[in-house]
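Report on the structure
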Amino acid sequence: MQNPYIPYPVEVIKIVTEVDTKDIKTFRLAFVNKEDEEKFKYTPGQFAELCVYGKGESPIGIASSPTQKGYVEFTVQKAGVVTTALHEMEEGTRMGIRGPLGNSWPIEYLEGKNVVVVGGGFAFTTLRSLINYMIYEDNRKRFGKITVVYGARNPGLLIYKDELKAWAERGDIEMNVTVDKGDATWTGREGFVPTVCKEVAPSPENAVTVICGPPIMIRFTLPVFFDLGFSKENIITSLEMRMKCGIGKCGRCNVGSKYVCKDGPVFTFAELDKLTRDF
Amino acid sequence: MEKRLIKKEALAGIAKRIAEDVTVYAPVRVEENVLFKVLEKGEEPLFTYQNSKNAPKNFFFPRSEVMLRYTRTPKGVEFTAEELFARDGVLMGARPCDARSFVLLDMLFDQEKYKDPYYIEKRNRTTVVSLACAKPPYRECFCTSVGGHPVDDKGADVLITDIGDVFLVEFVTPKGEKLLKYFGDQKADAASEEKKAAVAAAAEAALTWKIATHEVKEKLDRNFNSPFWDGIHKKCLACGTCTFLCPTCHCFDISDEMKYDDGRRLRNWDSCMFPLFTKETSGHNPRPTQKERWRQRVMHKFSYYPENFGAIACVGCGRCVQSCPVNIDIRKIVAEAMELA
Ligand SMILES: Cc1cc2nc3c(=O)[nH]c(=O)nc-3n(C[C@H](O)[C@H](O)[C@H](O)COP(=O)(O)OP(=O)(O)OC[C@H]3O[C@@H](n4cnc5c(N)ncnc54)[C@H](O)[C@@H]3O)c2cc1C
Ligand code: SF4
Ligand code: SF4
Ligand code: FES
């Protein structure tokens, strides 16, 4: 019996500080035992428990795409005990990861459809995984039009800046990067995510919206998509709840009868409507 | 199925004999309580008890257990060993409600996709010998309302029933049959079966609390936002006694402990009654007051478990009712919920 509580050993091979405030970093982790990489076969939208022995574990969405070989990446905001310990780590340090956990973005369902990706703040991590997956070589033709709306409070808080630029230079993906308020050097768009979504006005025809961000952004963006004609079945999000086990045992992360760790974190708004839930 | 008859006085001796070969968990008097514990050499088990204060789930799912160990190396702190503590054992004298709780816990810990090796190892290596409730011990018992019975063998490998002058011993599973050799060779006759049926009927009739739970899930789901929930939690102290004593509660916390260069990861029982249970680092708590926590406890047992596993996650042992310091009674809450539209 494989023990699902034992992390795979990994080594931190690269750390990138993403934002001006320095509290969001991307960690690139390589498996110490090559065969573990094969076992850690994941799909965009899944997450893992990052393990810092002596401190604990934190559930973090997988920010890399399975098309990137040799490592996995996680973008972590410094928050409490474990994430602070992570932020203090240096390249070369060993730690553990447990997973992949949870369901994923519904890749098969998205195939052949136009995909609208909406992200806010640093909750863009598993969306980045999805985008990199969809635009990877031959994968690209399996999906229709890809429209991205991504926003942050100010330019310094945008994550994956180099990639945002590279994506914008490709002709096969429509990028709409926005900030609530620009600065002296910002030449891009200004405006809140819901407003930009309204301006971009993606067609609901054969389309699915995938959205992640702070609750307030989601609250104001949802009506925009309903007005555009998107149904609840075709708006998909990823939930967060406090977690421990990650495999539906410790009883902590349920929304109604579903465990976010095991049955989620990805749900359609139609599914969420059916669940009795505390907020 | 193999069946034997034994003298009532013989049971304690049998337990002691089994304890010479494998670990035996049995009820023992400890000060004013009856508790399940590992039978020490020569220690006298108690089989004339009502029910134990603590649920025997402890032997498969300890209150605190080490999951793994790690140590500091020049490259960082690294994993050293998995810790699956399991040994062959016999759990003697579990009441049928408690034995049935293992069936419910199996549904959670032993699923198709994610198996919990800590629980499963201990469970597989333990034989459960149940002692039927010829006389339901407490006013608070309500096993028949939630799918159980005082003379039920679910979750038991061996079921012992007091049929008057002797004990009828039924070896329900092959695992149970391995204990045959300890129980002598007096085979049970047809008359003892009849006596057992009479005992079972009398026991069922003796249960004073009966609540309807038919379609309780649908009622609860419909009333999730009902004012019904506004009152029930008011007295609750969030002490967690109810969940700690409950044979089916399984929530746990995982935490790390490090001393000098060595550390271990532990899991400890946790409780949905505690305010911190769902509190996130940001300070946000999806269950901010005791109201949402109590609703979760009732929903989990009477709606979510039935939905996920097809069974109510309460065996009607009455422990939470007996021991709640402010007398909150889950039976009454469910009975009142059944009155809702
Ligand atoms: C599916 C999922 C994906 C996530 N993805 C990311 C991500 O990509 N990047 C990122 O920075 N953060 C992410 N989070 C949030 C992140 O898990 C928490 O910020 C983190 O666990 C805080 O841990 P800590 O030890 O630093 O804080 P402490 O407060 O010291 O942690 C206590 C423990 O509580 C739990 N916990 C506390 N808050 C949360 C929370 N919001 N969600 C889940 N568990 C929590 C953890 O088990 C943690 O070990 C995600 C959460 C979930 C559920
Ligand atoms: S909820 Fe109460 S009565 Fe039901 S099994 Fe748990 S402790 Fe026993
Ligand atoms: S035992 Fe009673 S007071 Fe304590 S948490 Fe349970 S319901 Fe609340
Ligand atoms: S994190 Fe343990 S049940 Fe979801």
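Residues numbered from 1 in each chain as written. Chains lettered and ligands numbered in written order. Predicted model: local features only at pLDDT ≥ 70, side-chain atom pairs only at ≥ 80, totals over all residues. Heavy atoms only, no water.

Before going further, it helps to examine the interface of chain B and chain A. Taken together, the contact pairs 51 residues of chain B with 43 residues of chain A. Here chain B packs against chain A, burying approximately 3800 Å² in sum over the two surfaces, 54% of which is carbon and sulfur. For the pair chain B and chain A, the interface holds six salt bridges. Glu11 of chain A serves as the salt-bridge partner of Lys75 of chain B, at 3.1 Å between the closest nitrogen and oxygen. Between the two partners, chain B and chain A, sit 25 residue pairs in polar contact (both at pLDDT 80 or more). The leading source of residues in the side of chain B that touches chain A is helix 9 (residues 290–309) of chain B, at eight residues. Of the residues assigned to the side of chain B that touches chain A, the class counts are 23 nonpolar, ten polar and 18 charged. (Contact = heavy atoms within 4.5 Å. Buried area = accessible area lost by both parts, 1.4 Å probe. Salt bridge = Lys/Arg side-chain N within 4 Å of Asp/Glu carboxyl O. Polar contact = N/O pair within 3.5 Å; in protein donor to acceptor, adjacent residues only side chain to side chain. Helix = DSSP H or I, 4+ residues; strand = E, 2+ residues; numbered from the N terminus. Nonpolar A, V, L, I, M, F, W, Y, C, P; charged D, E, K, R; others polar.)

All names here are of chain A. Strand order in the open sheet formed by seven strands is 10-9-8-7-11-12-15, and the pairing between neighbours is mixed. For this open sheet the edge positions go to strand 10 (189–190) and strand 15 (266–268), each flanked by a neighbour on one side alone. Where strand 8 (residues 146–152) and strand 9 (residues 174–179) come together, six bridges link them in parallel fashion. Bridging from a neighbouring strand, Val149 pairs with Asn176 of strand 9. (Pairing = 2+ DSSP bridges.)

Taken residue by residue, chain B gives an average pLDDT of 91. The fraction at 70 or more is 100%. In the predicted assembly, ipTM is 0.90 and pTM is 0.92. (pLDDT = per-residue confidence, 0-100.)

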